[in-house]
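Here's the letter readout for the chains.
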Amino acid sequence: MTIEKREAIRLSDGRELIYFDETTGASRADRPDTRDLPPPPPTSQLRHDPLVDEWVAVAAHRQTRTFLPPTNMCPLCPSTPDFATEIPAPDYDVVVFENQFPSFSDRVKPDEIAALTDMVPVRPGVGRCEVVCFTSDHNSAFGALPPSRVRTVVDALADRTAEMSALPGVAQVFPFENRGIEIGVTLSHPHGQIYAYPTVPPRTKLMLAASARHLSATGNSLYADVLAAEQKSGERLVASNEHWTAYVPAAARWPFEVQLAPHRKLPDIPALSDAERDAFALIYLDVLKRFDALFDKPMPYISAWHQAVTGEGRDLGYLHLQLFSIRRAADKLKYLAGSESAMGAFVNDIVPEKAAQLLRDAFDKSHV
């Protein structure tokens, strides 16, 4: 199923909200936001750390964001006569809206942007942050969605990636989902986020540099060669279909980490064909079910779409999804200790080949 209707409205504080519906039924756009909200906060500051050549966002307004509210006060559920939420309609399929507490936005206060020292320039965190609600069912999860709804989510992400990539100053668009309080989720309703970064993030910079070196040395795409090598080996493969392969990276940093890659080199989600979007829904749901089956309980995870940058180096990008969990055993989590947090030098407790085998073995339990 693809999106049949797209309707955009403005919330009472001026933020944009978009309904992505799977049918052409009654309009949801005629439901106004009845709340009396303050104006959205100004955008964050970006402060440059000269020691590692990285930009750090400082967004003090996020300190007051909603934290684990009771179910009857969830801001991501549809509105009811008794409680108005971020979504004015009484029901929805997929909905996207500007984050009320954004890390990046276009609301600049020039008087707050000034260099701190001769070594630390400051600039506005101009970009955009959106929330993506996958379902109106508060008690559901992404892994419980039907393939048709996953397709709708992918179509919505394609829509937002295209629009946000065209915004002035945006360097990369990053859709992601955090699941589980162990990960740090502050709202339990099934949802993800999309960040339109004003700078190229550190991990992407490293990936671009490695890809450029490989291209110069071999004339080939680095990610395409890595994917081909994993497909040839087969030792770390978890699942595959006509258009996608899911595998555990040979140098996985996390106890359970899977990358899902299309078989064609594509820059971003909008470039996926209809067949590739449908095939993604099937393989992703398969992998999510395996994650939950590993320890017979919901697996906390981060699901991160790696897309091409919007400017220089865009030709080096290869769209893929990185899915990983901090759970290393039924009753144990991997915390980032001194080596990982201070130095960025990871130590994995689970051998990647063993992780892949466990995920392959989880098929029977996950498909009962």
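The structure contained in this document is the topic of the report that follows. (Residues numbered from 1 in each chain as written. Predicted model: local features only at pLDDT ≥ 70, side-chain atom pairs only at ≥ 80, totals over all residues. Heavy atoms only, no water.)

Quick look at the sheet that holds strand 4 (residues 54-58)
One key point about sheets: their strands pair by backbone hydrogen bonds, in either a parallel or an antiparallel sense.
Working step 1: With antiparallel pairing, the three strands of this open sheet are ordered in space as 4-3-6. Of all the strands in the sheet, just strand 4 and strand 6 (122-124) have a single pairing partner and so form its edges. Sheet twist, expressed as the mean angle between neighbouring strand axes with direction ignored, is 35 degrees.
Working step 2: Sheet topology note: the strand 3 (residues 45-49)/strand 6 ladder contains three bridges and is antiparallel. Counterpart to Arg 47 in the pairing with strand 6 is Val 122. (Pairing = 2+ DSSP bridges. Helix = DSSP H or I, 4+ residues; strand = E, 2+ residues; numbered from the N terminus. Axes fitted to C-alpha atoms, helices over the stretch in contact; angles between N-to-C directions.)

Things to note about the packing of helix 1 (residues 147-165) against helix 4 (residues 274-294)
Working step 1: Here helix 1 crosses helix 4 at 125 degrees, and the two axes come no closer than 9 Å. It follows that helix 1 is oblique to helix 4 by the angle criterion. Handedness of the helix 1/helix 4 crossing: right-handed. Listed contacts from helix 4 to Pro 147, Val 150, Arg 151, Val 154, Asp 155 and Ala 158 of helix 1 are Asp 274, Arg 277, Asp 278, Phe 280, Ala 281, Leu 282 and Leu 285.
Working step 2: Across the contact of helix 1 with helix 4, the residue classes break down as eight nonpolar, no polar and five charged. (Parallel < 35°, antiparallel > 145°, perpendicular 65-115°, else oblique. Left-handed = near helix turned anticlockwise from the far one by under 90°. Contact = heavy atoms within 4.5 Å. Nonpolar A, V, L, I, M, F, W, Y, C, P; charged D, E, K, R; others polar.)

Points about the side chain of Glu 7
Working step 1: Along the chain, Glu 7 turns up in strand 1 (residues 5-10).
Working step 2: No salt bridge is formed by the buried Glu 7, whose closest oppositely charged neighbour, Lys 5, lies at an N-O distance of 4.5 Å.
Working step 3: Side chain to side chain, Glu 7 and Ser 27 meet in a polar contact 2.6 Å long.
Working step 4: Residues contacting Glu 7, with those up to four places away along its chain left out, are Leu 17, Ile 18, Tyr 19, Asp 21, Ser 27, Arg 28 and Ala 29. (Buried < 20%, exposed > 50% of the residue type's maximum accessible area, 1.4 Å probe, protein only. Lys, Arg positive; Asp, Glu negative; His and termini not counted. Salt bridge = Lys/Arg side-chain N within 4 Å of Asp/Glu carboxyl O. Polar contact = N/O pair within 3.5 Å; in protein donor to acceptor, adjacent residues only side chain to side chain.)

Digging into the pattern of salt bridges
Working step 1: Counted under the stated rule, the structure contains 32 salt bridges.
Working step 2: In this structure, Glu 98 engages Arg 107 in a salt bridge whose closest nitrogen and oxygen atoms are separated by 3.4 Å.
Working step 3: With relative accessibility at 7%, the residue Glu 98 sits in the buried group.
Working step 4: Salt-bridge contacts for Arg 236 lead to Glu 235; the nearest nitrogen and oxygen are separated by 3.8 Å.
Working step 5: Given the relative accessible area of 42%, Glu 235 is considered partly exposed.

Observations concerning the layout of surface pockets
Working step 1: As a volume, the second largest pocket reaches approximately 500 Å³.
Working step 2: As for the second largest pocket, its lining consists of 28 residues, of which Arg 65, Thr 66, Asn 99, Thr 186 and Leu 187 are closest to the centre.
Working step 3: Looking at the lining of the second largest pocket, the elements that each hand over two or more residues are strand 8 (172-179) and strand 9 (191-197).
Working step 4: The class makeup of the residues in the lining of the second largest pocket is 13 nonpolar, 10 polar and five charged. (1 Å grid on protein atoms, 1.4 Å probe; cavity = no way out; pocket = protein on both sides within 12 Å on 5 of 7 lines; lining within 4 Å. Points joined across faces, edges and corners; volume = space filled by probe spheres on them.)

A word on a nonpolar patch on the surface
Working step 1: A cluster of nonpolar side chains, namely Phe 67, Leu 68 and Ile 181, defines an oily patch on the protein surface of about 340 Å² accessible area.
Working step 2: Relative to the assigned elements, Phe 67 resides in the loop between strand 4 and strand 5 (94-98).
Working step 3: Looking at Phe 67, the relative accessible area reads 60%, which means it is exposed. (Patch = residues over 30% accessible without salt bridge, like charges linked within 9 Å, V, L, I, M, F, W, Y side chains within 5 Å. Areas by Shrake-Rupley, 256 points an atom, 1.4 Å probe, with all protein chains shown as cover.)

Quick notes on empty space enclosed by the protein
Working step 1: The full count for this structure, using the stated rule, is four cavities of 30 Å³ or more.
Working step 2: Considered as a void within the structure, the largest cavity measures approximately 160 Å³ in volume.
Working step 3: Elements that contribute at least two residues to the lining of the largest cavity include exactly helix 1, strand 8, strand 9, helix 4 and strand 13 (301-306).
Working step 4: Looking at the lining of the largest cavity, its residues break down into 12 nonpolar, three polar and one charged.

Description of unusual backbone geometry
Working step 1: For Asp 53, which is not a glycine, the phi torsion comes out positive at approximately 55 degrees.
Working step 2: As for its placement among the helices and strands, Asp 53 is situated in the loop between strand 3 and strand 4.
Working step 3: In this structure Asp 53 comes out as partly exposed when scored by relative accessible area, which is 44%.
Working step 4: Positioned with a positive phi, Leu 68 is a non-glycine residue whose angle comes to about 45 degrees.
Working step 5: Mapped onto the fold, Leu 68 is located in the loop between strand 4 and strand 5.
Working step 6: When its relative accessible area of 39% is taken as the criterion, Leu 68 is described as partly exposed.

Considering the pairing of strand 8
Working step 1: Counted residue by residue, strand 8 has seven buried out of eight residues, so it is predominantly covered.
Working step 2: Examined bridge by bridge, strand 8 and strand 9 share five bridges and lie antiparallel to one another. Looking at the pairing, Val 173 lines up with Ala 196 of strand 9.
Working step 3: Looking at chain direction, strand 8 and strand 13 are connected through four bridges and run antiparallel. Residue pairing across strands places Asn 178 opposite Ile 302, the latter belonging to strand 13.

Some details on the nonpolar core
Working step 1: By size, the foremost hydrophobic cluster in this structure holds 53 residues, and its most contacted members are Phe 142, Val 258, Leu 260, Phe 280 and Tyr 284.
Working step 2: Not counting chain neighbours up to four residues away, the residues in contact with Phe 280 comprise Val 150, Val 154, Trp 244, Leu 260, Trp 305 and Leu 321.
Working step 3: One finds Cys 74, Ile 87, Phe 97 and Cys 133 within the second-largest nonpolar core, a separate group that totals 15 residues. (Core = buried A, V, L, I, M, F, W, Y, C linked by side-chain atoms within 4.5 Å.)

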